[in-house]
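In case you want the letters, here they are:
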Amino acid sequence: MKTFSAVPDMRSEVRTQKARGKTVGLVPTMGYLHEGHLSLIRGSIRQMDYTVASVFVNPAQFAPNEDLQQYPRDMKRDSDLLEKEGVNSLFAPGDDQMYPQGFGTYVEVVDMQHKLCGRSRPAHFRGVCTVVLKLFNIIEPDAAFFGQKDAQQAIIIRKMVRDLNLDVKIEVMPIVRDEQGLALSSRNAYLSPELKKQALSLSASLKEAQNMIESGERTAEKIIRRMKKIIGSEPSARIDYVEVVDTDNLDPLKKIDDQALIAVAVFFEKVRLIDNFMFESKEKKQ
Ligand code: AMP
């Protein structure tokens, strides 16, 4: 595996591979890799000739009061894991490569960036879209791999790609969970064993929502109420949101018809966790 930190070096490596006729897959990450990230890596390696993984803790997507400084980092471990998986190149730029002095251009998906997570994190998706577009411009991937874990992010990136005519296929891979159901996240490293136990209420509430929908419940309010009760019974849980929204535009749904994104964000003490479940009726799937 080759490792690049400078934009021109990364760009020239990918151009060389493309000139050889290779298809290129990109997996953007913020590092501290777990099986969720590795499932995206494996997806890219399966489908593409040449896989680039990026590790960059993107300052632009953190608010001043968030965990940018504390965000867990372990480049040596990440690099070893990526090499073992068979990744071709690791792109690990410094902040100065991505945001040189005088940087001042941002990308906003205006109609969706302030919904769900965007309400409590107003500049988050602007930071995500900006860095992802930069990575697309540097690496020019044929396909990029994202996780359903960050459902709103995947929907917003798809929209950005459509709206800006970007020539990249967006692949969204299923949520990877631990054996108890907790969605894997680099931020789980912040959780004490007790908080980890309480955090299982997220997946438990989503499972309950799924059961309710599959048994015919269609009223969003009833589902939300039940989910809030499950999560709210944990002493350290502070709910940011529990919502049932349209999967295309993220607008709240009153009644579920043939599709819905059921999404939650909850603080356990200072740790903010997200999780979701995407419902699609059998008719819609066909
Ligand atoms: P992050 O490093 O948190 O920015 O995540 C990088 C990518 O990995 C994003 O596309 C995430 O959606 C994806 N990802 C993170 N956790 C999981 C998970 N548990 N299952 C699947 N994908 C994940």
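Note that the structure is a prediction, hence the values are computed from the model and not measured.

About the cut-offs
Residues numbered from 1 in each chain as written. Predicted model: local features only at pLDDT ≥ 70, side-chain atom pairs only at ≥ 80, totals over all residues. Heavy atoms only, no water. Helix = DSSP H or I, 4+ residues; strand = E, 2+ residues; numbered from the N terminus. Rg over C-alpha atoms; globule rule 2.2 N^0.38 Å. Buried < 20%, exposed > 50% of the residue type's maximum accessible area, 1.4 Å probe, protein only. Areas by Shrake-Rupley, 256 points an atom, 1.4 Å probe, with all protein chains shown as cover. Lys, Arg positive; Asp, Glu negative; His and termini not counted. Charge placed at Lys NZ, Arg CZ, Asp CG, Glu CD. 1 Å grid on protein atoms, 1.4 Å probe; cavity = no way out; pocket = protein on both sides within 12 Å on 5 of 7 lines; lining within 4 Å. Points joined across faces, edges and corners; volume = space filled by probe spheres on them. Nonpolar A, V, L, I, M, F, W, Y, C, P; charged D, E, K, R; others polar. Disulfide = S-S within 2.5 Å. Near = heavy atom within 4 Å. Polar contact = N/O pair within 3.5 Å; in protein donor to acceptor, adjacent residues only side chain to side chain.

Student: How should I be thinking about the overall build of the protein in this particular structure?
Tutor: Along the protein, the regular secondary structure elements total 10 helices and nine strands. Here the C-alpha radius of gyration of the protein, 19 Å, is about what a compact globule of 286 residues would show, namely 19 Å. Each of the three principal axes of the protein carries a C-alpha extent, and together these read 55 × 45 × 40 Å. Out of the 286 residues in the protein, the part that is buried amounts to 55%. Taken as a whole, the protein presents about 14,000 Å² of accessible surface, with 48% of it coming from carbon and sulfur. Averaged over its 41 positive side-chain charges, the protein has a centre that lies 2 Å from the centre of its 40 negative ones.

Student: For this particular structure, what's the right way to read empty space enclosed by the protein?
Tutor: It is a probe the size of a water molecule, rolled over the atoms, that shows where empty space is left. Applying the stated criterion across every chain, the model contains two cavities of 30 Å³ or more. In this structure, the largest cavity spans a volume of roughly 40 Å³. Taken together, Lys149, Leu182, Ala183, Ser185, Asn188, Leu202, Leu273, Ile274 and Asp275 make up the lining of the largest cavity. Here the lining of the largest cavity takes three residues from strand β9 (residues 271-280), the largest share from any one element. Counted as a void, the second largest cavity has a volume near 40 Å³. Along the walls of the second largest cavity sit Gln61, Phe62, Ala63, Glu66, Arg121, Pro122, Ala123 and His124, which together make up its complete lining. Class assignment for the residues of the lining of the second largest cavity results in four nonpolar, two polar and two charged.

Student: What is the right way to read the state of the cysteines from this model?
Tutor: In a disulfide, the sulfur atoms of two cysteines are held together by a covalent bond. All chains considered together, the criterion is met by zero disulfides. No disulfide involves Cys117; its nearest neighbouring cysteine sulfur is the one of Cys129, lying 13 Å away. For Cys117, a relative accessible area of 7% translates into the label buried. The class of Cys129 is buried, set by a relative accessible area of 1%.

Student: Mind showing me how you'd approach the site of the ligand here?
Tutor: Taken together, 17 residues surround the ligand, and among them Met30, His37, Asp150, Val176 and Leu184 come closest. His37 has a polar side-chain atom sitting 2.9 Å from an oxygen atom of the ligand. For the ligand, an oxygen atom lies 2.7 Å from a polar atom in the side chain of Asp150. Contributing elements (two or more residues each) for the shell around the ligand: β2 (24-29), α2 (35-47) and β5 (143-147). The element best represented in the shell around the ligand is α2, accounting for three residues. Class assignment for the residues of the shell around the ligand results in nine nonpolar, six polar and two charged.

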